[in-house]
Amino acid sequence: MGYAREIQEQARQTLSDRRARARETASLRREELYSKVPELRETDQLLASTGIGAVRAVLAGAPEDIQKIKEQNLALQRRRQEILAGLDLAPDYLEPQYTCPACQDEGYVNGKRCRCYDQLLKEISYRKLNDISSLSLQASFDNFKLDYYSPVPDASGTSPRKRMEEIYRYCVRYAQSVTPGSKSLLLSGPTGLGKTHLSLSIAKTAIQNGLGVIYGSAPDLLSQVEKERFSRSETGEDSLALMLSCDLLILDDLGAEFSTSFTVSCIYNIINTRINRGLPTIISTNGSLSDLLKGYQDRVVSRIMGSYEVLRFCGNDIRQQMAMQR
């Protein structure tokens with residue numbers, strides 16, 4: 001897929017910074033070791049001179065000199081390795097340690113874009129598309145409090161606290177083991193019951209485990225897709241493609257967006273495509289399944305009900321309880 005110029009420039013700058021850091025670190029190591037072991041500096045200088053001598057011998061057409069220089073070069077390399085081994089250092093200790101050895105942080109191998117460059121472009125795109133304001137909140141599994149849920153059994157015979165504890169533990173296990181092949185989740189229930197808190201906690205854990213995650217409110221993400229689809233801008237951005245292919249997509253507050261034929265079609269495309277690709281999606285909604293039926297076509301809700309694990313949140317609005325305690 002294509003990437004916006006801004007994203008490509010940011011990726012190139014990141015690669016450039018990586019190269020610079022690797023070479024600077026190698027240079028500092030080299031100077032430090034040279035000061036402690038002068039023989040190593042002399043050996044490296046002689047190695048450099050053999051390279052120049054080999055070029056001159058080739059230009060002069062002197063095969064005997066070339067052989068002598070080759071033998072001298074091999075002897076110097078062996079001595080260099082002996083010096084480093086004597087210091088209990090790896091043979092490549094003085095070489096730049098690139099983040100990606102395959103392309104040496106250049107971004108290309110044999111004229112083709114390196115996998116590390118593709119991954120970097122995706123990561124930058126995910127970060128750009130993510131709801132940064134939400135991801136910066138201090139929501140985590142550690143500070144999710146079950147005290148706000150009533151311990152008193154309801155008509156079903158189970159207390160809200162008991163049911164929410166089960167949901168909490170399920171979400172913790174899910175976050176720790178989620179992979180691109182995991183099941184999708186639907187978090188449903190009235191506002192203020194912790195759906196966003198737990199979905200953010202899953203997002204953070206998944207990102208820490210190396211997954212490409214897109215997290216955002218359904219209204220914001222759909223607005224971005226619509227803007228790109230109908231604008232005349234040629235930025236190259238394709239948020240929908242990223243949402244269809246990321247390891248984990250989290251759509252918060254589904255149903256709060258302004259419903260149009262475009263948004264309904266877009267939601268179906270996202271849900272259906274990701275199911276077909278075996279990619280997990282987490283959807284949270286303040287509405288019930290009947291509310292979703294009113295806002296979307298039957299096929300949307302049918303796909304969700306047939307493929308998603310439904311977690312029904314219960315209890316009283318936590319935000320109201322916290323406000324009353326202030």
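Because the structure is predicted, anything quoted here is derived from the model rather than measured.

Reading the values: rules and limits
- Residues numbered from 1 in each chain as written.
- Predicted model: local features only at pLDDT ≥ 70, side-chain atom pairs only at ≥ 80, totals over all residues.
- Heavy atoms only, no water.
- Helix = DSSP H or I, 4+ residues; strand = E, 2+ residues; numbered from the N terminus.
- Buried < 20%, exposed > 50% of the residue type's maximum accessible area, 1.4 Å probe, protein only.
- Salt bridge = Lys/Arg side-chain N within 4 Å of Asp/Glu carboxyl O.
- Axes fitted to C-alpha atoms, helices over the stretch in contact; angles between N-to-C directions.
- Parallel < 35°, antiparallel > 145°, perpendicular 65-115°, else oblique.
- Left-handed = near helix turned anticlockwise from the far one by under 90°.
- Contact = heavy atoms within 4.5 Å.
- Pairing = 2+ DSSP bridges.
- Core = buried A, V, L, I, M, F, W, Y, C linked by side-chain atoms within 4.5 Å.
- Expected span 1.5 Å × (residues − 1).
- pLDDT = per-residue confidence, 0-100.
- Phe/Tyr/Trp six-rings, centres within 6.5 Å; stacked < 30°, edge-to-face > 60°.
- Lys NZ or Arg CZ within 6 Å of the ring centre and 35° of its normal.

*Asks:* Any chance you could explain unusual backbone geometry here in plain terms?
*Replies:* Only a minority of non-glycine residues have a phi that is not negative, and only a minority of peptide bonds are not trans. Even without being glycine, Asp88 reaches a positive phi, approximately 60°. If you trace the backbone, Asp88 turns up in the loop between α3 (63-86) and β1 (108-109). Taking relative accessible area as the criterion, Asp88 reaches 71% and is therefore assigned exposed. Positive phi outside glycine occurs at Gln104, with the angle close to 55°. Judged by relative accessible area, which is 43%, Gln104 ranks as partly exposed.

*Asks:* Would you mind showing me how to read the pattern of salt bridges here?
*Replies:* Side chains that carry opposite charge are capable of pairing whenever their charged atoms lie near each other. Summed over all chains, the structure comprises 12 salt bridges. Of the charged contacts, one joins Glu31 and Arg41 as a salt bridge, the two residues approaching to 3.6 Å between their closest N and O atoms. Here the residue Glu31 occupies a position in helix α1 (residues 5-36), and Arg41 occupies one in helix α2 (residues 38-60), the gap between them amounting to 10 residues. The partly exposed category is assigned to Arg41, whose relative accessible area is 31%. Arg80 is paired through a salt bridge with Glu95; the nearest N and O atoms lie 4.0 Å apart.

*Asks:* I would appreciate a short explanation of the packing of helix α10 (residues 261-277) against helix α12 (residues 298-307) in the present structure.
*Replies:* Two packed helices can be described by the angle between their axes and the distance between those axes. It is at 9 Å that the axes of α10 and α12 come closest, and there the two elements cross at 30°. The angle between α10 and α12 falls in the class roughly parallel. For the pair α10 and α12, the sense of crossing is left-handed. Residue-level contacts link Val264, Ile267, Tyr268, Ile271, Asn272, Ile275 and Asn276 of α10 to Arg299, Val300, Arg303, Ile304 and Ser307 of α12.

*Asks:* Please clarify how the sheet that holds strand β7 (residues 308-312) should be interpreted in this entry.
*Replies:* Strand-to-strand pairing in sheets goes through backbone hydrogen bonds, with the strands running parallel or antiparallel. What the five strands build is an open sheet, ordered β4-β5-β6-β3-β7; its pairing is parallel. Strands with a single pairing partner mark the edges of an open sheet, and in this sheet they are β4 (213-217) and β7. Recorded for the sheet is a direction-independent mean angle of 10° between the axes of neighbouring strands. In the sheet, strand β3 (residues 184-188) pairs with β7 via five bridges, with the strands oriented parallel. Following the sheet pairing, Ser188 is matched in β7 by Arg312. Seen against the sheet, helix α7 (residues 195-208) touches β3, β4, β5 (248-252) and β6 (281-285) and runs at an angle of roughly 160° to β4. In the packing of α12 onto the sheet, the strands contacted are β3, β6 and β7, and the crossing angle to β7 comes to about 90°.

*Asks:* In this structure, what is going on with the nonpolar core? I would like to understand it.
*Replies:* Core analysis: the largest hydrophobic core is formed by 32 residues, its most contacted members being Phe141, Met164, Leu198, Ile202, Leu248, Ile282 and Phe313. Of all the secondary structure elements, the ones that give two or more residues to this core are α6 (160-177), β3, α7, β4 and β5. In terms of residues, this core owes the most to one element, α6, which gives seven residues. Excluding anything up to four places from it in sequence, Leu248 contacts Tyr174, Ile202, Ala206, Gly212, Val213, Ile214, Arg274, Pro280, Thr281 and Ile282. Core analysis: the next-biggest nonpolar cluster, separate from the first, contains 30 residues, Leu186, Val264, Leu292 and Val301 among them.

*Asks:* What is the right way to read α2 from this model?
*Replies:* Given 3.6 residues to a turn, an α-helix orients residues that are three or four positions apart in the same direction. Taking 1.5 Å of rise per residue, the 23 residues of α2 would be expected to cover 33 Å, and the 33 Å separating its terminal C-alpha atoms lies within 8% of that figure. Listing the buried residues of α2 in full gives Leu40, Thr43, Asp44, Leu47, Thr50, Gly53 and Ala57. Contacts from the buried residues of α2 go to α1 and α3. In the segment just after α2, Gly61 is the residue with positive phi, at about 65°.

*Asks:* Please explain the confidence of the model for the protein as it appears in this structure.
*Replies:* Averaged over all residues, the pLDDT of the protein equals 85, while 89% of them reach at least 70. Averaged over each element, pLDDT in the protein is lowest for helix α5 (residues 132-135) (50) and highest for α6 (95).

*Asks:* Would you explain the packing of aromatic side chains in this entry?
*Replies:* The geometry of an aromatic ring pair is captured by the separation of the ring centres together with the interplanar angle, meaning the angle of the planes. Here the structure, examined in full by the defined rule, presents five aromatic pairs. Ring centres of Phe141 and Tyr168 lie 6.0 Å apart, and the angle between their planes is 75°; on these two criteria the pair is classed as edge-to-face. Taken together, the positions of Phe141 in the loop between α5 and α6 and Tyr168 in helix α6 put the pair 27 residues apart, joining distant regions of the chain. The same class applies to Phe141 as to Tyr168, namely buried. An aromatic cluster of three or more residues is present, and its members are Phe141, Phe144, Tyr149 and Tyr168. Over the ring of Tyr117 we find Arg113; its NZ or CZ atom is 5.8 Å from the centre of that ring.

*Asks:* Teacher, can you tell me more about α1 here?
*Replies:* End to end, α1 covers 47 Å across 32 residues, agreeing with the expected 46 Å (1.5 Å per residue, within 8%). Listed in full, the buried residues belonging to α1 are Ile7, Ala11, Leu15, Arg18, Arg19, Ala22, Ala26, Leu33 and Tyr34.

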